[in-house]
Amino acid sequence: MTDAAIEIPRYQLTAADGTPLKLAMARATRRARLRAFALVLPLLVFVVVTFAVPIGQMLYRSVHNDQFSAHMPNLVAFFAADETKGVPGEEGFAALAKDLDLSREERSIGEVGTRINYEIAGTRSLFTSAGRKASKLEPPYKEAILALDKQWGDPELWNVMRRASSPHTLSFYLAALDLQYDKSGAIVSAPEDRRIYVPLFIRTLWLSGLIAGLCLLLGFPVAHLLATLPLRYSNLLMIFVLLPFWTSLLVRTTSWMVLLQSQGVVNDILVSLGIVGESGRIQMMYNEAGTIIAMTHILLPFMILPLYSVMKTIPPRYYRAALSLGATPWTAFWKVYFPQTVPGIGAGVLLVFILAIGYYITPALVGGASGQLISNLIAFHMQKSLNWSLAAALATLLLAGVILLYWLYDRLVGIDNMKLG
Amino acid sequence: MNEMTPMSPVRGERQGRASSVRFQNVQKSYDGEILVVKDLNLDIASGEFLTMLGPSGSGKTTALMMLAGFEPATHGEIFVNDSPINNVPPHKRGVGMVFQNYALFPHMSVAENLAFPLKVRKLGRGDIEARVARALAMVKMESFGGRRPVQLSGGQQQRIAVARALVFEPTLVLMDEPLGALDKQLREQMQYEIKHIHENLGVTVVYVTHDQTEALTMSDRIAVFNDGRIQQLSTPDRLYEKPENSFVAQFIGENNRLSGAITEVADAICTVSVDGGPTVKATKVVPGGRGTRTTLSIRPERIELAPAKGALPVVIPGRVEELIYLGDHVRVRMSVAGTDAFVVKVPNRVGRTLEPGHETTVGWDPEDCRALDEIAA
């Protein structure tokens, strides 16, 4: 190398025509990258429109509810100006009278009542009946409205209305966690007889965990068999594993109903064998047991497939090597084979658990009262009570729980180690 | 290696502790229709390095697997130190084994891999550490104990696999094509290392390979397998110099073949009329008298090109067809006695004087030309 060559400053690598190398590379591959992007664009749009946007809306709905605030402008303005809590003076009642009349005209009084009814049961009719008479109200409004119903003098009602005057609220999350505001506005737990969501969350987690555990227990030997049998047998076995997979979920669930009900196949066999008496037919359905049995069966393939895909990659020579080194068959399995299946176990358990935690149809059909999961209650609020904000809050908590579990799994096992099918 | 190498303490403990192995009328079938191993009889002396050599499907690996206990023998008995082991499960045989792709446990560190056979034998912790350190020293990988197998190169994994198979001091070690996955240079180096470890430890080694060079380099004796039978069991030099049948001659080393029929027998030497060619003299190996079909086998390096008159008993004409330059020597492909695949190896100083189309003669000593059984063409 000559001295001159050494002295050339090399700040940047350049292509032959002097453009920086990175820029030249980007230009050279731009067309290919654009084409690749165009190929995934339809899916991207689809995912955004059908997944990201609805989920975002759901998250937003859980903290945003303008059923009250949108239709009661005068009260909203009054609450903004007056900070005192409890029952207001004449001014507040005047605003209420105006808004009642306004929302009656708009035919939105029912919606307003429903919003307050979420927090104080039985108040919907308070609003609708007051709305009907709102046009006839004369000042002084406070006395006139109190004359309609004494409940208008309840300070808690006014506190609830004050909170509802802001479209952004945490009260649905509080409700979803069995919490509520007390009279002074502090957050306390709901009365014991009205706590339903937290126990249901706990039951959902417990049942999902149990189902994942049962699936692992039942699926592990099957996956091992699948991975080690000669091809012609394992193909047949694989079809048996996948056959229920291809059958409608509803068909499988109803066939469990045929089997498990008290006049069903299983009970009939037990009775005819004399194992249980006619009066002692076992209740295996419309309770937790039904949910556990049917869901374990339905989710089993989701455990077997990731386990199988991992076991398939473990060559038998490891097990043989362990034997040749003096390990008993059990030690060879436990110390050498089993640890290598952990990525599959992690993937399978996580998959089954996440699917189970949000499962709806099966518990709805065979769960009875004690076998319901949180998703059944979300559906109830979506379809029956129409309290979508509460449904959204419950669903968001569920989503957060799943993401938390996923994060935990990543920390403990590492998502890179997960192998799905 | 001298006595100062880290191996010496191990050697002291193990001197004279090696197992003998005997296969007696062993047969093996996987499907009840085809015998993979047909009537195997084999004695392996204690401390011997015996190689089972053969093409794939010849039954050599199956024989090894039966010895390791992973496959039951369909018929016959295998003895280790004169006690039958057919009903001993593999983990009680105390046989060290090195697998084809090393089979190091991927979820354990190198040291844990080495400690595994000691842990299952419930040795004390200090003892285990000392033995693991010694095993690592034996394969010169003292600083690799904390690594995972995936962080090692193929050669390093191989060393660890060998160390693991030896760390619990078995008296019999089986190796199933252990060098198959390594590149050529590393393979040669590992051959010497394994050979030296065997010499130092004095254990019995049964080694399976399809690579004849490997077998020739390392073994005390080689059993050449084909079609479920041992074709020849002999020392490397005898196998190469004096193959007893055409398969062995062809499988080990390079080999020129000429087909013909025996016309005359005089003690160990016979006269063979080569099909469509001359009559030559050869060492008679194939049984049978006049008229027996035979395949003549002669090594390319035992043929002399244009020998001086009267120097060799067999001299026949040939034509140079092609020269292949291989550095230290030149391979000359010739047309001789009706075949154009007759190869002669000549030193490159001689090879340079040759040209394709050159008419010349080739000659050999009947000692080096063996009349073997005929190969069905």
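All figures in this text were calculated on a predicted structure; none of them were measured in a lab.

Participant: Explain the overall build of chain B residue by residue, including any values.
Facilitator: Scanning chain B for helices and strands turns up 10 helices and 20 strands. For chain B, the spread of C-alpha atoms along the three principal axes comes to 75 × 45 × 35 Å. Of all 377 residues assigned to chain B, the portion counted as buried reaches 50%. Across chain B, contacts joining residues at least 24 apart in sequence account for 68% of those joining residues at least 6 apart. Accessible surface for chain B amounts to roughly 16,700 Å². Of this, 48% is attributable to carbon and sulfur atoms. In chain B, which carries 42 positive and 45 negative side-chain charges, the distance between the mean positions of the two groups comes to 4 Å.

Participant: So, the packing of aromatic side chains: which residues are in play, and what are the values?
Facilitator: Going through the model one piece at a time under the given rule, you end up with 18 aromatic pairs over all chains. Measuring from ring centre to ring centre gives 5.7 Å for Phe78 of chain A and Phe79 of chain A, while their planes differ by 55°; the resulting arrangement is tilted. Taken individually, Phe78 of chain A and Phe79 of chain A each receive the classification buried, so the pair is uniform in this respect. Three or more aromatic residues joined by ring pairs make a cluster, and in this case those are Phe220, Trp330, Phe333, Trp334, Tyr337 and Phe338 of chain A. Of note, Arg164 of chain B hangs over the ring of Phe105 of chain B, and the distance from its end group to the ring centre comes to 4.5 Å.

Participant: Before we move on, could you go through the domain arrangement of chain A and cite the residues and values that matter?
Facilitator: Assigned domains within chain A: domain 1 (1-61), domain 2 (73-169) and domain 3 (197-417). A separation of 58 Å is found between the C-alpha centroids of domain 1 of chain A and domain 2 of chain A.

Participant: Residues and numbers for the pattern of salt bridges, please.
Facilitator: Residues and elements named next belong to chain B. For the coordinates displayed, the defined rule picks out 27 salt bridges over all chains. A salt bridge links Glu193 to Arg159; the nearest nitrogen and oxygen atoms lie 2.9 Å apart. Here the residue Glu193 occupies a position in helix H6 (residues 184-201), and Arg159 occupies one in helix H5 (residues 154-167), the gap between them amounting to 34 residues. Here the two residues Glu193 and Arg159 agree in accessibility, since each one is buried. Here the residues in one salt-bridge network are Asp127, Arg131, Arg134 and Glu169, joined through shared partners.

Participant: Account for the domain arrangement of chain B, with residues named and values stated.
Facilitator: If you check the domain split of chain B, you get domain 1 (8-95 + 170-241) and domain 2 (254-372). Distance between the C-alpha centres of domain 1 of chain B and domain 2 of chain B: 35 Å.

Participant: Account for the pairing of strand S7 (residues 172-176) of chain B, naming residues and giving values.
Facilitator: All names here are of chain B. With respect to burial, S7 is a largely interior element, 5 of its 5 residues being buried. Along S7, one buried face is formed by Leu172, Leu174 and Asp176 and the opposite face, lined by Val173 and Met175, is buried too. Sheet topology places S7 next to strand S8 (residues 204-209); 5 bridges connect them, and they run parallel. When the sheet's bridge partners are listed, Val173 is paired in S8 with Val205. With respect to chirality, the unit in which S7 leads through H6 into the neighbouring parallel S8 is right-handed.

Participant: Tell me about H6 of chain B, residues and numbers included.
Facilitator: Here H6 of chain B spans 26 Å end to end across 18 residues, near enough to the 26 Å set by a 1.5 Å rise per residue. All of the buried residues in H6 of chain B are Met190, Gln191, Glu193, Ile194, Lys195, Ile197, His198, Asn200 and Leu201 of chain B.

Participant: How would you summarise the sheet that holds strand S13 (residues 279-284) of chain B if you had to cite specific residues and measurements?
Facilitator: Two orientations exist for strands paired in a sheet by backbone hydrogen bonds: parallel and antiparallel. All names here are of chain B. Strand order in the closed barrel formed by 5 strands is S11-S12-S13-S20-S14, and the pairing between neighbours is mixed. Going from strand to strand, the sheet's axes swing by 55° on average, the running direction of each strand aside. The pairing of S13 with strand S20 (residues 369-372) spans 2 bridges and is classified as parallel. Within S20, the residue paired with Thr283 across the bridge is Arg370.

Participant: So what's going on with the sheet that holds strand S6 (residues 96-98) of chain B? Which residues, and what values?
Facilitator: Residues and elements named next belong to chain B. Across the sheet, which stays open at both edges, the 6 strands sit in the order S6-S7-S8-S3-S9-S10 with mixed pairing between neighbours. The open sheet has two edge strands, S6 and strand S10 (229-234), and neither has a second partner. On average, adjacent strands in this sheet sit at an angle of 15° to one another, irrespective of strand direction. Bridge count between strand S9 (residues 221-226) and S10: 5 bridges; the pairing is antiparallel. Directly across from Val224, in S10, lies its bridge partner Gln232.

Participant: Describe in detail the interface of chain A and chain B, supporting the description with residues and values.
Facilitator: Every contact between the two is made by 17 residues of chain A and, on the other side, 21 residues of chain B. Roughly 1,700 Å² is buried in total at the junction of chain A and chain B, and carbon and sulfur atoms are behind 71% of that figure. Taken as a group, Arg320, Ser324 and Leu325 of chain A account for 40% of the area that chain A buries against chain B, more than any other trio of residues on that side. Inspection of the chain A/chain B interface yields 1 salt bridge.

Participant: Which residues make up unusual backbone geometry, and what values go with them?
Facilitator: A cis amide bond, omega -5°, links Pro139 of chain A with the succeeding residue Pro140 of chain A. Here Pro140 of chain A shows up in the loop between helix H6 (124-133) and helix H7 (141-148). Look at Tyr286 of chain A: it is not a glycine, yet its phi comes out positive at around 55°. Judged by its relative accessible area of 43%, Tyr286 of chain A falls in the partly exposed class. Residue Lys140 of chain B is not a glycine yet carries a positive backbone phi of 60°. Within the secondary structure, Lys140 of chain B sits in the loop between helix H4 (125-138) and H5. Using a relative accessible area of 53% as the deciding quantity, one classes Lys140 of chain B as exposed.

Participant: I'd like a rundown of helix H11 (residues 231-246) of chain A, residues and numbers included.
Facilitator: Residue and element names in this part refer to chain A. The end-to-end C-alpha distance of H11 is 22 Å, a good match for the 22 Å that 16 residues give at a rise of 1.5 Å each. For H11, the full list of buried residues reads Ser234, Met238, Val241 and Leu242. Packed against the buried residues of H11 are helix H10 (197-228) and helix H14 (288-312).

Conventions adopted
Chains are numbered independently. Their residues run from 1 in the order of the written sequence. Lettering for chains starts from A, numbering for ligands starts from 1, and both go in the order in which the items are written. Predicted model: local features are reported for residues with pLDDT of at least 70 only, side-chain atom pairs are reported and counted for 80 or more only, and whole-chain, interface and lining totals are derived from all residues. No hydrogens and no water enter the side-chain calculation; it runs on all heavy atoms of the structure. By definition, any uninterrupted DSSP run of H or I lasting at least four residues is a helix, any uninterrupted run of E lasting at least two residues is a strand, and each is numbered from the N terminus. Each residue is placed in one exposure class: buried if its accessible area under a 1.4 Å probe, protein chains only, is under 20% of its type's maximum, exposed if it is over 50%, and partly exposed if it falls in between. Here a residue-residue contact requires only that any non-hydrogen atoms of the pair lie within 4.5 Å. Throughout, the Shrake-Rupley method with a 1.4 Å probe supplies accessible areas, and for residues the shown protein chains are the sole cover considered. Under the counting rule used here, the positive set is Lys and Arg, the negative set is Asp and Glu, and His together with the chain ends is not counted. A charged residue contributes its charge at one atom only: NZ of Lys, CZ of Arg, CG of Asp or CD of Glu. Aromatic rings from Phe, Tyr and Trp, with only the six-membered ring used for Trp, were paired whenever their centres fell within 6.5 Å, and each pair was classed as stacked if the ring planes differed by under 30 degrees, edge-to-face if by over 60, and tilted otherwise. Two limits define a charge over a ring: the Lys NZ or Arg CZ must be within 6 Å of the ring centre, and within 35 degrees of the ring normal. Each domain's extent was defined by an automatic or database domain assignment. A pairing counts as a salt bridge when a side-chain nitrogen of Lys or Arg comes within 4 Å of a carboxyl oxygen of Asp or Glu. Criterion used throughout: strands pair if DSSP finds at least two bridges between them. Seen with its strands pointing away from the viewer, a crossover is right-handed when the path leading from the first strand over the helix to the second is clockwise. For a helix, the expected span equals 1.5 Å multiplied by the residue count minus one. Lines fitted to C-alpha atoms define the axes here, with helix axes fitted over just the stretch in contact, and angles between the N-to-C directions of these axes take values from 0 to 180 degrees. Defined here as a combined quantity, buried area equals the accessible surface (1.4 Å probe) lost by two parts on assembly, summed across both.

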